[in-house]
Amino acid sequence: ISPSSSRIKKQSSAFPGLTQETYNILASYLKESQQRIDSSKQEAYLLVGQILCVALIFMCMLLYFSLFRRDYLEKGKSVLLLLTMVVVFPVLSSILVSQNLFSVYIIPFTMAPIFIRVFMDSRTAFVMHAVIVLLCAVSLKYPYEFVATQLVAGMVAIYSLRELSQRSQLLRTALIVTITSLVFYFSLDLMHEKEVNNLEYNIYIYLIINGILLLFAYPLMFLIEKLFGFTSNVTLVELSNINNDLMRRMSEVAPGTFQHSMQVANLATEVANKIDAKAQLVRTGAMYHDIGKTCNPAYFTENQNGVNPHDQLSLIESARIIINHVTDGLKLADKYNLPEVIKGFIATHHGKGKTKYFYISYKNQYPDEEVDESLFTYPGPNPQTKEQAILMMADAVEASSRSLKDYTEESISNLVDAIIDAQIMDGAFTNCPITFQDISTAKEVFKEKLKTIYHTRISYPELNKKAKANESSDKEAAH
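Thresholds applied
Residues numbered from 1 in each chain as written. Predicted model: local features only at pLDDT ≥ 70, side-chain atom pairs only at ≥ 80, totals over all residues. Heavy atoms only, no water. Helix = DSSP H or I, 4+ residues; strand = E, 2+ residues; numbered from the N terminus. Buried < 20%, exposed > 50% of the residue type's maximum accessible area, 1.4 Å probe, protein only. Areas by Shrake-Rupley, 256 points an atom, 1.4 Å probe, with all protein chains shown as cover. 1 Å grid on protein atoms, 1.4 Å probe; cavity = no way out; pocket = protein on both sides within 12 Å on 5 of 7 lines; lining within 4 Å. Points joined across faces, edges and corners; volume = space filled by probe spheres on them. Nonpolar A, V, L, I, M, F, W, Y, C, P; charged D, E, K, R; others polar. Phe/Tyr/Trp six-rings, centres within 6.5 Å; stacked < 30°, edge-to-face > 60°. Lys NZ or Arg CZ within 6 Å of the ring centre and 35° of its normal. Expected span 1.5 Å × (residues − 1). Arc of directions from axis to C-beta. Contact = heavy atoms within 4.5 Å. Salt bridge = Lys/Arg side-chain N within 4 Å of Asp/Glu carboxyl O.

### Some remarks on the overall build of the protein chain
Looking only at helices and strands, the protein chain has 21 helices and zero strands in total. A total of 479 residues make up the protein chain; the buried ones form 42% of that total. Accessible surface, the protein chain: about 27,600 Å² in total, of which carbon and sulfur atoms supply 58%.

What follows is the structure in structure tokens.
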């Protein structure tokens, strides 16, 4: 500091004891104080800006869920998973930036959209990935390259895992995401740097490490399933293996029920594919929906071989045994640790319907007696999801189709219409998000599949008397 001599004279006249050295110290102190004030103001502005930015990002996220996926907000496990993703990744990013440990590019951010895609849906996965990336970018000085690279990587990860059913798919996804990130960041580098020697090669190393860490998504996915109560397609595929203990027991103890379940699974899967439902979920649910019949297999017609034990029972007792296959199935599901989503299929595949054979027989046998309908009614509840509704329709249609005397196009069509229309009239689908268009499509699929299953062979013609006589004469002439 070198103030002018005139200024020092003025200060000296006001303060006779002020020297040049003292003045310099005071001036230096004043300047440092001003810099600290300016720095504290900048920090305050930075904090206010970050708070506003984070608040706006959260508002946009809540707006998305309130407009498009309100159902997730009503599920505790979904909210908990989303909040966990939103908190964990920004916190990790903030720690790396503040401690200056590694670049944020080392964090496998694409794990978040992978988990959300597997357990929820693609659109939610991308929205949440964008939210997480923007929140992490708040703590960065130059966020443009980071945001662009991570958004592209997230989109690629979501697309490559449209239907996760094998472990190898995660390896492929990690490889695709890593290559995409490297190429995209390289393109950004080329746009900003004229010389290849000036490229930030450390970032490419971090992106490769990122891809390696992404492989840990599979064991973490298993952990998330256990902690949050989700069920992935990988788990559903494993459960649908007919060689597991419960499926093998059904095939041995109740072979008719096993075949019925396989047919229902095929019908339900075909419908699910047509109306954009979860095909693997409904297939696995169909395979387990009747496991309760393994407790008393002989009481169900598909497992009987000429002997019907219901002949020795009252109608009420027979109805009780038939109804109990639902509660028995739920007990077996608990014993074998089946997921809650599979238990839902077991509980709802008959809904709150009646065992109509025994109910109508009882009313016919005791016309003057008031019937206690609860004795002939399944415990329910009615289907709550589109997949459960598909299973209820497929189960009823497949079981009833076995009782047809003639398998013609007309008889199959009338059967399908009558069964599903009766379920609609009973209010079976009131509490699930299935449309009349979906039900109409399901009817057409059932009709086509049943006609294929029960196709009638052409009857071969027989020779009439005149033709037989000519054939005999031709043979004699040949001899």
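### A few points about empty space enclosed by the protein
Counted by the stated rule, this structure contains one cavity of 30 Å³ or more. Each pocket or cavity is described by its volume, and for the largest cavity that value is around 40 Å³. Around the largest cavity, the lining residues are T110, Q150, A153, V177, T178, S181, L207, N210 and G211. Tallied by class, residues from the lining of the largest cavity come to three nonpolar, six polar and no charged.

### Digging into the packing of aromatic side chains
Aromatic rings considered in pairs are described by the distance between their centres and by the relative angle of their planes. Using the criterion set out here, one finds 13 aromatic pairs in the structure. Aromatic side chains Y357 and F358 sit 5.2 Å apart centroid to centroid with 90° between the ring planes, which places their arrangement in the edge-to-face category. Residue Y357 is classed as exposed on the basis of its relative accessible area, which comes to 63%. The exposure class of F358 is buried, given its relative accessible area of 10%. We note R69 situated over the ring of Y72; from NZ or CZ to the ring centre the distance is 4.3 Å. Over the aromatic face of F230 sits the side chain of K77, whose NZ or CZ is 5.1 Å from the ring centroid.

### Examining helix 10 (residues 217–228)
Taking 1.5 Å of rise per residue, the 12 residues of helix 10 would be expected to cover 16 Å, and the 15 Å separating its terminal C-alpha atoms lies within 8% of that figure. All of the buried residues along helix 10 are A217, M221, I224, E225 and F228. Looking straight down helix 10, one finds that the buried residues subtend no more than 105° of arc, so they occupy a single side. Within helix 10, the exposed residues directed more than 90 degrees away from the buried face are K226 and L227. Contacts from the buried residues of helix 10 go to helix 4 (76–99), helix 5 (111–119), helix 8 (168–192), helix 9 (201–213) and helix 11 (233–239).

### So, the pattern of salt bridges
In this structure the tally under the stated criterion is 17 salt bridges. Residues D438 and K386 are paired through a salt bridge, measuring 3.7 Å at the closest nitrogen-oxygen approach. In this pair, D438 is assigned in helix 20 (residues 436–453) and K386 in helix 18 (residues 386–401), connecting sequence segments 52 residues apart. One salt bridge in this structure joins E448 and K451, with 3.2 Å as the shortest N-O distance. With E448 and K451 both in helix 20 and three residues apart, this pair spans about one turn of that helix. It is possible to trace a salt-bridge network through shared partners that takes in D417, D421, K443, E444 and K447.

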